[in-house]
Structures are given as structure tokens and as C-alpha cells.
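Listed below are the residues making up each chain.
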Amino acid sequence: MFRNLLSFIRFDGRGFGSIVRNEQKELNIKPVHALDKPFKTATFGMGCFWGAESLYGATKGIMRTTVGYAGGSKEGPTYRNLGDHTEVLEIDFDPEVISFQDLLKLFWNNHEYGLTTPIKRQYMSLILYHDEEQKKIAEQSKQDEQKKRAPEIVTTEIRPKTNFYPAEDYHQKYRLQGHRDLCDTLNFNSKLLQTSYVGTKLNGYLSGVGGLEQFKTEVETMGLTPTQKEYCTYYVEKNEGQGLYC
């Protein structure tokens, strides 16, 4: 079906964006950038933040993800001048759907590097807790993980979350931004790149995380037009199982 759509766009002389804009207007469909639901926040450092953002984005119960820098003392860090900060992912999640413990299971099992090998501060394994309950859960979870991985030593540091600086726009939803025409139809600006619900979801699913069947259970919450759905379904299926990478 999607190949026919590509042919239609190519030979009819109309672009993807024009088709989607017409659908948005005629069907009164808008991208869903925000959900009006209570949420909690978790902050993790687990290597390069691109892969982590895709992983959590395609996880049910995740409402928003933002990559950034935290854990250090330097004010206003940037990617080229990070100081003593670490690349982290800030995650807003629905506690009625997914628990902090569940987030930690993904954390322990999906480090690109650095979980049991000391590494430079930029990519270190880090949990920044937001309250005493998260601290208690994180500390117990680390103890349990250490038992599983012995004699290796888990290097993860657990500290209070005191600051967070969002990364530059080109780092936000990095995998999704490779789909430029799609992004144009989602009306992103600097703020929405950091906070968009549909952006969070598609950044995960289009990179191959979550899989087609799970995508189908969430796609109707995203505010996509028929053409956008068809485009995304094609790439979700095409990229399924590729694994996380930076």
C-alpha cells in the first residue's frame, strides 16, 4: 500500500506535506503534542542519550522525553562545552500505566556502555532521583542488579536531581528528525521538540523500538492523518528489531 502512495506522490506532482496538510484541514486532525494527565518524572544517564530517548519513547506509559545535561555544577552547559555534566534523559511517565521500577528494568538492561565499566563523565551511568521514594527504590534496585552481575561492579551513581539543561534542538527526537517531511507536518518548534507527545512516541517507534503490533495500539492517540499513519506504519515495520544505537 505504501509503495502505491509513494508512486502517487511522485507522479501526481504533489508532495507528502501537501497531502497531509489537506488531510489535516479536511478531517480536522491535529498532532497531539500534550496529554492532560498527571505524571511523574525520572532522570537517567545511560550512555549516549539518543538511544535512550528512542527506547523510552516507544514504551507504553511514557508521555514525554527530553534529552539534556545534568548532574554537574557548570551553568548553561552545551554539547561542545559540557563541563562536569552527564548526558541524561528526562522522562515524564504515567504512574498508572508504568512504574518507576519498570523504568529501572529498562535502565539496567539497555546501557550502550558504561554500566560495569568506568567511563568518562559525559556518558556515565547515572540515576537522578526526584524524591525519597525514588531514591529508596533506585538504591534497592542497584543492590539487586549488583548481585546479578557479580563479580562485575555496577558503576551507576545515584544522586538527587538538582538541575537539568535541555540539549540543543538537533539532539531532541534525533531519530525522528531524520524524517524531515513528516516532521514538517507535525509543526515542531524548539519547545515541542522537547515536549511533544507524538514526537516522543514516533521517535521511538520509527527507529525500530516497540514493534508494529504495539504501535498499532498507540497510533490512534497521536493525532496522525491517514497518510501520516501509512508512512509511519511502513517505517515501523521496516525498522522493527534493528536495536538501539547512537
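Treat the numbers as computed from the prediction; the structure is a model and nothing was measured.

Pulling in residues and values, what's your account of the pairing of strand β5 (residues 157-160)?
By the bridge criterion, four bridges tie strand β4 (residues 125-129) to β5 in an arrangement that is parallel. Of the residues in β5, the one forming a bridge with Leu126 is Glu157.

So, helix α10 (residues 226-239): which residues are in play, and what are the values?
With 14 residues, α10 extends 20 Å between its outermost C-alpha atoms, agreeing within 8% with the 20 Å of an ideal straight helix rising 1.5 Å per residue. Turning to α10, its buried residues number three or more, namely Thr227, Gln228, Glu230, Tyr231, Cys232, Val236 and Asn239. Remark: Gly241 follows α10 within two positions and exhibits a positive phi of approximately 80 degrees.

A description of the packing of aromatic side chains should follow, citing residues and the corresponding values.
Inspection of every chain in the model, using the stated rule, returns ten aromatic pairs. With centroids separated by 3.6 Å and ring planes inclined at 5 degrees, the aromatic side chains of Trp50 and Tyr174 adopt a geometry described as stacked. Taken as a pair, Trp50 in helix α3 (residues 49-57) and Tyr174 in the loop between β6 (165-166) and α6 (180-185) lie far apart in primary sequence, 124 residues in all. Of the aromatic side chains, those joined through ring pairs into one cluster are Phe44, Tyr56, Phe100, Phe107 and Trp108.

Now, about a negative patch on the surface: what can you tell me, with residues and values included?
A grouping of Asp131, Glu132, Glu133 and Glu139 is seen on the molecular surface, where their side chains present a negatively charged patch. With respect to the helices and strands, Glu139 occurs in helix α5 (residues 132-149). Of the residues examined, Glu139 reaches a relative accessible area of 34% and is grouped as partly exposed.

An account of the environment of Glu75 is needed here, citing residue identities and associated values.
Examined against the element boundaries, Glu75 turns out to sit in the loop between β2 (62-70) and β3 (86-93). According to the relative accessible area criterion, Glu75 is exposed, its value standing at 70%. Note: C-alpha distance between Glu75 and Val219 (144 residues apart in sequence) is 39 Å.

Mind laying out the nonpolar core, listing which residues take part and the relevant values?
Core analysis: the largest hydrophobic core is formed by 49 residues, its most contacted members being Phe44, Tyr56, Phe100, Leu103, Leu182, Leu202 and Phe215. Once you skip the residues sitting within four places of it in the chain, Leu103 turns out to touch Ala42, Phe44, Tyr56, Ile62, Phe93 and Ile98. Judged by nonpolar contacts, the second largest core, of six residues, contains Ala70, Val88, Met124 and Leu128.

Before we move on, could you go through the state of the cysteines and cite the residues and values that matter?
All chains considered together, the criterion is met by zero disulfides. Between Cys183, a free cysteine, and Cys232, which holds the nearest cysteine sulfur, the sulfur-to-sulfur gap is 9.6 Å.

Could you give an account of helix α8 (residues 197-205), with specific residues and numbers?
Counted residue by residue, α8 has nine buried out of nine residues, so it is predominantly covered. Of all the residues in α8, the buried ones are Tyr197, Val198, Gly199, Thr200, Lys201, Leu202, Asn203, Gly204 and Tyr205. Turning to α8, the residues buried within the fold contact α3, β2, α6, α7 (190-195), α9 (212-218) and α10. The N-capping residue of α8, defined by a side-chain oxygen 3.4 Å from the backbone nitrogen of Val198, is Ser196.

Tell me about the UniProt feature "domain: Peptide methionine sulphoxide reductase MsrA" (unreviewed entry) in the protein, residues and numbers included.
UniProt records the feature "domain: Peptide methionine sulphoxide reductase MsrA" (unreviewed entry) for residues 41-183 in the present numbering. Helix makes up 29% of residues 41-183 and strand 24%. Its end C-alpha atoms lie 26 Å apart.

Explain the sheet that holds β6 residue by residue, including any values.
Strand order in the open sheet formed by six strands is β5-β4-β1-β3-β2-β6, and the pairing between neighbours is mixed. The sheet terminates laterally at β5 and β6, the two strands that pair on one side only. Here strand β1 (residues 40-46) pairs with β3 via five bridges, running antiparallel. Each bridged residue has a counterpart across the sheet, and for Lys40 the counterpart in β3 is Phe93.

Which residues make up the packing of helix α2 (residues 16-27) against α10, and what values do they have?
Where α2 contacts α10, the two axes come as close as 8 Å, and the packing angle between them is 130 degrees. With respect to α10, the element α2 is oriented oblique. Between α2, through Phe16, Ile19, Val20, Glu23, Gln24 and Leu27, and α10, the contact on the second element is made entirely by Pro226, Thr227, Gln228 and Tyr231.

Tell me what's going on with the pairing of β4, and back it up with residues and numbers.
With five of its five residues buried, β4 lies for the most part within the structure. Alternating residues of β4 divide into Ser125, Ile127 and Tyr129 and Leu126 and Leu128, and every residue in both groups is buried. Here β1 runs beside β4; their pairing, made up of four bridges, is antiparallel. By the bridge assignment, Gly45 is partnered in β4 with Leu126. For the handedness criterion, the β-α-β arrangement of β4, α5 and β5 is classed as right-handed.

Calculation criteria
- Residues numbered from 1 in each chain as written.
- Predicted model: local features only at pLDDT ≥ 70, side-chain atom pairs only at ≥ 80, totals over all residues.
- Heavy atoms only, no water.
- Pairing = 2+ DSSP bridges.
- Helix = DSSP H or I, 4+ residues; strand = E, 2+ residues; numbered from the N terminus.
- Expected span 1.5 Å × (residues − 1).
- Buried < 20%, exposed > 50% of the residue type's maximum accessible area, 1.4 Å probe, protein only.
- Phe/Tyr/Trp six-rings, centres within 6.5 Å; stacked < 30°, edge-to-face > 60°.
- Patch = residues over 30% accessible without salt bridge, like charges linked within 9 Å, V, L, I, M, F, W, Y side chains within 5 Å.
- Areas by Shrake-Rupley, 256 points an atom, 1.4 Å probe, with all protein chains shown as cover.
- Salt bridge = Lys/Arg side-chain N within 4 Å of Asp/Glu carboxyl O.
- Lys, Arg positive; Asp, Glu negative; His and termini not counted.
- Charge placed at Lys NZ, Arg CZ, Asp CG, Glu CD.
- Core = buried A, V, L, I, M, F, W, Y, C linked by side-chain atoms within 4.5 Å.
- Contact = heavy atoms within 4.5 Å.
- Disulfide = S-S within 2.5 Å.
- Polar contact = N/O pair within 3.5 Å; in protein donor to acceptor, adjacent residues only side chain to side chain.
- UniProt positions renumbered as here; feature names shortened; annotations may be inferred.
- Axes fitted to C-alpha atoms, helices over the stretch in contact; angles between N-to-C directions.
- Parallel < 35°, antiparallel > 145°, perpendicular 65-115°, else oblique.
- Right-handed = clockwise from strand over helix to strand, strands pointing away.

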